[in-house]
Amino acid sequence: MQDVINQFGKEQIAGMTAATRIEAFILLPVQSLGNAVTIFTGQNIGAGQMERLKKGLRFSLMISISTIALLSACMLIFGESIISLIVGSDGQAVSSGNSYFTVCAWFYPLMAIMYCLAGVLEGAGDTIIAAVHSATSIVTRLAVTLILAPNIGFLAIAVSTSIGWGDATAIVCTRYFSGTWKSKKLIPTSENRENFSVKRD
């Protein structure tokens, strides 16, 4: 991916560097909330409180999506001004960075959903899904970038990133709604503790 970016020149590199730094701050709240959901899930599964887990997830999704929607709106409206704080008055770099957000900002809510649901899966012990959706996202981004870069140039990076997020979110959502994660718990809950003790004996 970096090799593709380097082909577009120093202005695009500067714009992309600024965009990724800002994006890290934008995604930090939803990543942190996803980590909190992981712990919350483990606690509630262990206590056999599945209904409380569902309520907590709904509340987390509401906060996460609202926060990321607000930050996305700020980037769509004030993107050039925010990017210029990093790259200065370099118009080409600012334009390049802003073009990235013009595409990706619309897809940040997908990340809010993905991190919350992934938090539930990981908290339930279904940890393999984290490697699957991460690897799928990386492969998708690289493949789409290589295909589109010759035709649409620098914008291919933003498009491939958004598609990669979509793939990762689809995988996590499919896994969550399949319900298979409910059988991944590693410790006995209050509902199956007696059966667990019998099997262990």
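Residues numbered from 1 in each chain as written. Predicted model: local features only at pLDDT ≥ 70, side-chain atom pairs only at ≥ 80, totals over all residues. Heavy atoms only, no water.

K.L.:
What is the right way to look at the nonpolar core in this model?
P.N.:
A general trend in soluble globular proteins is that nonpolar side chains are found buried together. Core analysis: the largest hydrophobic core is formed by 40 residues, its most contacted members being Ile26, Ile68, Tyr100, Phe101, Tyr108, Tyr176 and Trp181. If you list the elements that add at least two residues to this core, you get α2 (10-46), α3 (50-87), α4 (91-104), α5 (108-123) and α7 (155-178). Per-element accounting of this core gives the leading share, 10 residues, to α2. Excluding residues that lie within four positions of it along the chain, Phe101 makes contacts with Ala19, Ile22, Glu23, Ile26, Met75, Leu76, Ile83 and Tyr108. (Core = buried A, V, L, I, M, F, W, Y, C linked by side-chain atoms within 4.5 Å. Buried < 20%, exposed > 50% of the residue type's maximum accessible area, 1.4 Å probe, protein only. Helix = DSSP H or I, 4+ residues; strand = E, 2+ residues; numbered from the N terminus. Contact = heavy atoms within 4.5 Å.)

K.L.:
Looking at this structure, I do not really get helix α6 (residues 128-152). What am I missing?
P.N.:
An α-helical turn contains 3.6 residues, so a residue and the one three or four places further along point in the same direction. Spanning 25 residues, α6 covers 35 Å between terminal C-alpha atoms, matching the ideal 36 Å at 1.5 Å per step. In α6, a bend of some 35° at Leu146 exceeds every other bend along the element, and Pro150, a proline, comes one to four places later. Turning to α6, its buried residues number three or more, namely Ile129, Ala130, His133, Ser137, Thr140, Val144, Thr145 and Ala149. Note on α6: the residue one or two positions beyond its end, Gly153, has a positive phi of about 65°. (Expected span 1.5 Å × (residues − 1). Bend = angle between axes of the 7 residues up to and from the residue.)

K.L.:
I would appreciate a short explanation of the environment of Ala93 in the present structure.
P.N.:
Counting through the fold element by element, Ala93 comes out in helix α4. Residue classification places Ala93 among the buried residues on the basis of a relative accessible area of 0%. Sequence-distant contacts of Ala93, defined by excluding residues within four places in its chain, comprise Glu11, Ala14, Gly15, Ile83 and Val87.

K.L.:
Any chance you could explain the confidence of the model for the protein chain here in plain terms?
P.N.:
A low pLDDT score tells you not to read the predicted coordinates there in detail. In the predicted model, the protein chain carries a mean pLDDT of 86, and the fraction of residues at 70 or more is 90%. The weakest mean pLDDT in the protein chain belongs to helix α8 (residues 193-200) at 44; the strongest belongs to α5 at 94. Contacts for the low-pLDDT stretch residues 189-201, under 50 throughout, to residues beyond four places or in other chains number 11 contacts. (pLDDT = per-residue confidence, 0-100.)

K.L.:
Help me out: how do you make sense of α4 in this one?
P.N.:
For α4, which comprises 14 residues, the first-to-last C-alpha distance of 20 Å matches the rise-based estimate of 20 Å (1.5 Å per residue) to within 8%. All buried positions along α4 are accounted for by Ala93, Val94, Ser96, Gly97, Asn98, Tyr100, Phe101, Val103 and Cys104. Its side-chain oxygen 3.2 Å from the backbone nitrogen of Gln92, Asp90 forms the N-cap of α4. (Polar contact = N/O pair within 3.5 Å; in protein donor to acceptor, adjacent residues only side chain to side chain.)

K.L.:
Explain the packing of aromatic side chains here, please?
P.N.:
Enumeration over the complete set of coordinates arrives at 4 aromatic pairs. With a centroid separation of 5.4 Å and an interplanar angle of 40°, the aromatic rings of Tyr108 and Trp165 are classed as tilted. Taken as a pair, Tyr108 in helix α5 and Trp165 in helix α7 lie far apart in primary sequence, 57 residues in all. Grouping residues by exposure puts Tyr108 and Trp165 together as buried. A ring pair is formed by Tyr176 and Trp181, whose centres lie 5.4 Å apart and whose planes are at 10°; its orientation type is stacked. Each of the two residues, Tyr176 as well as Trp181, counts as buried. (Phe/Tyr/Trp six-rings, centres within 6.5 Å; stacked < 30°, edge-to-face > 60°.)

K.L.:
What is the right way to read the environment of Leu110 from this model?
P.N.:
In this fold, Leu110 is placed in helix α5. Taking the C-alpha atoms as reference points, Leu110 and Ser162, separated by 52 residues in sequence, lie 9.1 Å from one another. Not counting the four nearest positions on each side in its chain, Leu110 is found in contact with Gly166 and Thr169.

K.L.:
I'm lost on the side chain of Asn44 in this one. Help?
P.N.:
Position of Asn44 among the secondary structure elements: in helix α2. Residue classification places Asn44 among the buried positions, given a relative accessible area of 1%. Looking at Asn44, its side chain comes within polar contact range of the side chain of Arg52, at 2.3 Å. Setting aside anything within four residues of it in sequence, one finds Asn44 in contact with Gln49, Arg52 and Leu53.

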